[in-house]
Amino acid sequence: MSTAPTTPTVAELEEQERRLVFRRFTNDDAWALGSLLVELAREREAPVAIDIHRAGQQLFHAALPGSTPDNDAWIARKRRVVERYGSASYLVGSRFRAKGTTFEESSRLDPDAYAAHGGSFPLTVAEVGVVGTVTVSGLPQVEDHRLVVEALERFLGE
């Protein structure tokens, strides 16, 4: 019996972005959200690195047991996708796949600098827009994405 999570649709991913919006996002919020992600990852013994950026500044970073420097490189690549497209890295990749292509084939961006793989999510403030990113790396991409979404849902009280 497989316990692999099902792949979310583009519509489901877009709905997550519409729903997971902050009223504000402060340095203290970054610490609290990052700490929540660490707690969730530790409960699952997930070998992940966690990163939160706002306005070009790293506000939170944690590397849990089993994570590697490679995870930090993946974080940077996924974060750049969110910063460029204003959408979750998994959603960006899913939109390309829905068109019958891949991000790597069709974006014309350097794959050493950009990765449209799951795990980076925009930090969106109501009436402002995307102000930063929260990113996880170390699990299969859909699981990275789901961990971030679960933390955002809990943090925002959903």
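Counting restarts for each chain: residues are numbered from 1 in the order of the written sequence. Given that the model is predicted, a residue must reach a pLDDT of at least 70 before its local features are reported, and side-chain atom pairs must reach 80 or more before they are shown or counted; all residues, however, enter totals for whole chains, interfaces and linings. Think of the side-chain values as coming from all heavy atoms in the structure, minus any hydrogens and water.

The name given to the protein in an unreviewed UniProt entry is UPF0303 protein ACH3YB_06565, and the organism recorded there is Streptomyces tendae. Per its UniProt entry, the protein bears the Sequence similarities (unreviewed entry) comment "Belongs to the UPF0303 family." UniProt positions are given in the numbering used here, feature names are shortened, and annotations may be inferred rather than shown by experiment.

Engineer: Could you give me a rundown of the overall build of the protein, with the residues and numbers involved?
Structural biologist: Under the DSSP-based scheme used, a helix requires at least four consecutive residues in state H or I and a strand at least two consecutive residues in state E, with every element numbered from the N terminus. Summing up its helical and strand segments, the protein has 6 helices and 5 strands in all. When the elements of the protein are put in sequence order from the N terminus, they spell out α-β-α-β-β-α-α-α-β-β-α. Reported as C-alpha extents along the three principal axes, the dimensions of the protein are approximately 40 × 40 × 30 Å. Here the protein holds 158 residues, and the buried ones make up 48% of them. Relative accessibility decides the category of a residue: with a 1.4 Å probe and only protein chains considered, values under 20% of the type maximum give buried, values over 50% give exposed, and everything between is partly exposed.

Engineer: Describe the pairing of strand β3 (residues 57-63), with residues and values.
Structural biologist: Strand direction decides the pairing type here: strand β2 (residues 49-54) and β3, joined by 6 bridges, are antiparallel. Note that in β3 the partner of His-53 across the bridge is Gln-58. If DSSP finds at least two bridges between two strands, the strands pair. Joining the antiparallel neighbours β2 and β3 is a turn of 2 residues, in which Ala-55 adopts a positive phi near 50 degrees.

Engineer: How would you summarise helix α4 (residues 89-98) if you had to cite specific residues and measurements?
Structural biologist: For α4, the buried fraction is high: 7 of the 10 residues fall into the buried class. Those residues of α4 not exposed but buried are Ser-89, Tyr-90, Leu-91, Val-92, Gly-93, Ser-94 and Phe-96.

Engineer: Before we move on, could you go through the nonpolar core and cite the residues and values that matter?
Structural biologist: In this structure, Phe-25, Leu-33, Val-134 and Leu-152 are the most contacted members of the largest nonpolar core, which totals 33 residues. Of all the secondary-structure elements, those providing two or more residues to this core are α2 (27-43), β2, β3, α4, β4 (120-125), β5 (129-137) and α6 (141-155). The element that contributes the greatest number of residues to this core is α2, accounting for 7 residues. Contacts: residue pairs with any heavy atoms within 4.5 Å of one another. With sequence-adjacent residues up to four places away left out, Val-134 is seen in contact with Leu-33, Leu-37, Asp-51, Ile-52, Gly-119, Ser-120, Phe-121, Leu-123, Val-148 and Leu-152. Take the buried residues of types Ala, Val, Leu, Ile, Met, Phe, Trp, Tyr and Cys, join any two whose side-chain atoms come within 4.5 Å, and each joined set is a nonpolar core. Within the second largest apolar cluster, 8 residues are counted, among which are Val-92, Phe-103, Leu-109 and Tyr-114.

Engineer: Account for the sheet that holds β5, with residues named and values stated.
Structural biologist: Across a sheet, strands are paired by hydrogen bonds formed along the backbone, either parallel or antiparallel in direction. Here we have 5 strands laid out as an open sheet, ordered β1-β4-β5-β2-β3, and mixed in their pairing. Pairing within the sheet leaves two strands with one partner each, and these edge strands are β1 (21-22) and β3. Looking at chain direction, β4 and β5 are connected through 6 bridges and run antiparallel. Considered in β5, the bridge of Phe-121 is made with Val-134. Here an angle of 0 to 180 degrees is reported between the N-to-C directions of two axes, which are lines fitted to C-alpha atoms, with helices fitted over the stretch in contact. The sheet strands contacting α2 are β1, β2, β3, β4 and β5, and the helix crosses β3 at an angle near 20 degrees. Set on the sheet, helix α3 (residues 69-85) makes contact with β2, β3, β4 and β5; between it and β5 the angle comes to about 155 degrees.

Engineer: Mind laying out helix α1 (residues 10-19), listing which residues take part and the relevant values?
Structural biologist: Here α1 has its buried residues at Leu-13, Gln-16 and Glu-17. With its buried residues spanning 95 degrees around the axis, α1 presents them on a single face. Each direction from the helix axis to a C-beta atom contributes to the arc, which is the arc of those directions.

Engineer: Run through the pairing of β5, naming residues and quoting values.
Structural biologist: Where β2 lies against β5, 6 bridges are found, and the strand directions are antiparallel. Bridged to Ile-50 within β5 is Val-136.

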